[in-house]
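Letter by letter, the chains look like this.
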Amino acid sequence: MDTDPTARTDSPGSPADPERVAVKRALRTQLRARRRELYGTTEGARRREREGQQLLEHAAPLLEMIATAAARSARDGSAPVRVSAFHPTPTEADVMPLAAALARSGAEVLFPVAAGRELDWAVWDGSSPFMDSPGRGFGKEPEGPRRGTDALSQVSLILAPALAVDRSGTRLGHGGGYYDRALRHAPEEVRIIAVINPDDLLPTGTLPRDAHDVPVPEVLTAAGLEALG
């Protein structure tokens, strides 16, 4: 998922720090350039496909967790187990094999859709095609039922995009602030996992963190599932 790289990166109602905005903008430019070098060629696309399958293998504990919860929900007749994912750009980690596996496990899989300054969330059935988003700077969206801008308050697992994450859990997004706002709806006990390329996991302290930036406690890459902090 990509969003408008020209959007403000400060939190709603707070003044932007011009120096910090410039630092983040420069980092995004560098990170996007590196991603294009690694994944923007034919060989890079093959590498990304291989890493997508490795990522799926490392996600086995997550699939087991969700499949168990979904089976219990179906047995008890309780609310469906919901998870959120994102439709990646061609240079982001390929989370789609995992998203499809989660849908097959019985989870209701939600994807972000453009809705002003907040993200709405739509259900993907695991096989239907994605459509171009009408939102400026957004990628593709499913056409399933909408669950509202507060849908993350009802999920058990959040698979979040990022341009990079450092080992302290600082996440650098695409610049619109959409996920930082959306993650504030998440319940305290939910697992939030950034799904990134292996080279997008950076040393502690590499990325600047503002007060409104929501840290992520885990990352999933082709190299494995790893706790941070």
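Since the structure is predicted, the reported quantities are computational estimates derived from the model, not experimental observations. (Residues numbered from 1 in each chain as written. Predicted model: local features only at pLDDT ≥ 70, side-chain atom pairs only at ≥ 80, totals over all residues. Heavy atoms only, no water.)

1. So, helix H2 (residues 42-58)
Here's step 1: Taking 1.5 Å of rise per residue, 17 residues should cover 24 Å, and H2 covers 25 Å from first to last C-alpha, within 8% of that figure.
Here's step 2: Those residues of H2 that sit buried are Gly44, Arg48, Glu51, Gly52, Leu55 and Leu56. Along the axis of H2, the buried residues cluster in a sector spanning 145 degrees; they form a single face. H2 presents Thr42, Glu49 and Glu57 as exposed residues on the side facing more than 90 degrees away from its buried surface.
Here's step 3: Each element contacted by the buried residues of H2 is listed here: helix H1 (18-39), helix H3 (60-76), helix H4 (96-104), strand S9 (191-195) and strand S11 (218-221). (Helix = DSSP H or I, 4+ residues; strand = E, 2+ residues; numbered from the N terminus. Expected span 1.5 Å × (residues − 1). Buried < 20%, exposed > 50% of the residue type's maximum accessible area, 1.4 Å probe, protein only. Arc of directions from axis to C-beta. Contact = heavy atoms within 4.5 Å.)

2. As for the sheet that holds strand S10 (residues 201-202)
Here's step 1: Pairing is mixed across the open sheet formed by three strands, whose spatial order is S8-S7-S10. Edge strands, defined here as strands with exactly one partner in the open sheet, are strand S8 (171-172) and S10.
Here's step 2: The pairing of strand S7 (residues 164-166) with S10 spans two bridges and is classified as parallel. Across the sheet, the residue bridging to Asp166 is Leu202, located in S10. (Pairing = 2+ DSSP bridges.)

3. A look at empty space enclosed by the protein
Here's step 1: Per the stated rule, a full pass over the model turns up three cavities of 30 Å³ or more.
Here's step 2: Put simply, the second largest cavity is a space of about 50 Å³.
Here's step 3: If you go around the second largest cavity, the residues you meet are Arg48, Glu51, Gly52, Leu55, Glu92, Ala93, Asp94, Ile196, Asn197, Pro198, Thr221 and Ala222.
Here's step 4: It is H2 that provides the largest number of residues to the lining of the second largest cavity, a total of four residues.
Here's step 5: Of the residues contributing to the lining of the second largest cavity, the split by class is five nonpolar, three polar and four charged. (1 Å grid on protein atoms, 1.4 Å probe; cavity = no way out; pocket = protein on both sides within 12 Å on 5 of 7 lines; lining within 4 Å. Points joined across faces, edges and corners; volume = space filled by probe spheres on them. Nonpolar A, V, L, I, M, F, W, Y, C, P; charged D, E, K, R; others polar.)

4. Quick word on the nonpolar core
Here's step 1: Leu98, Leu102, Ile158 and Leu159 are the most contacted members of the largest nonpolar core, which has 57 residues in total.
Here's step 2: It is H4 that provides the largest number of residues to this core, a total of seven residues.
Here's step 3: For Leu102, the contacting residues outside a window of four places in its chain are Leu63, Ile66, Val83, Ala107, Val109, Leu157 and Leu159.
Here's step 4: Membership of the second largest hydrophobic core comes to seven residues, among which are Leu27, Leu31, Leu172 and Leu207. (Core = buried A, V, L, I, M, F, W, Y, C linked by side-chain atoms within 4.5 Å.)

5. A look at the confidence of the model for the protein chain
Here's step 1: Mean pLDDT over the protein chain stands at 91; residues scoring 70 or higher make up 93%.
Here's step 2: This model gives residues 4-14 a pLDDT under 50, and the stretch forms 24 contacts once residues within four places in sequence are excluded. (pLDDT = per-residue confidence, 0-100.)

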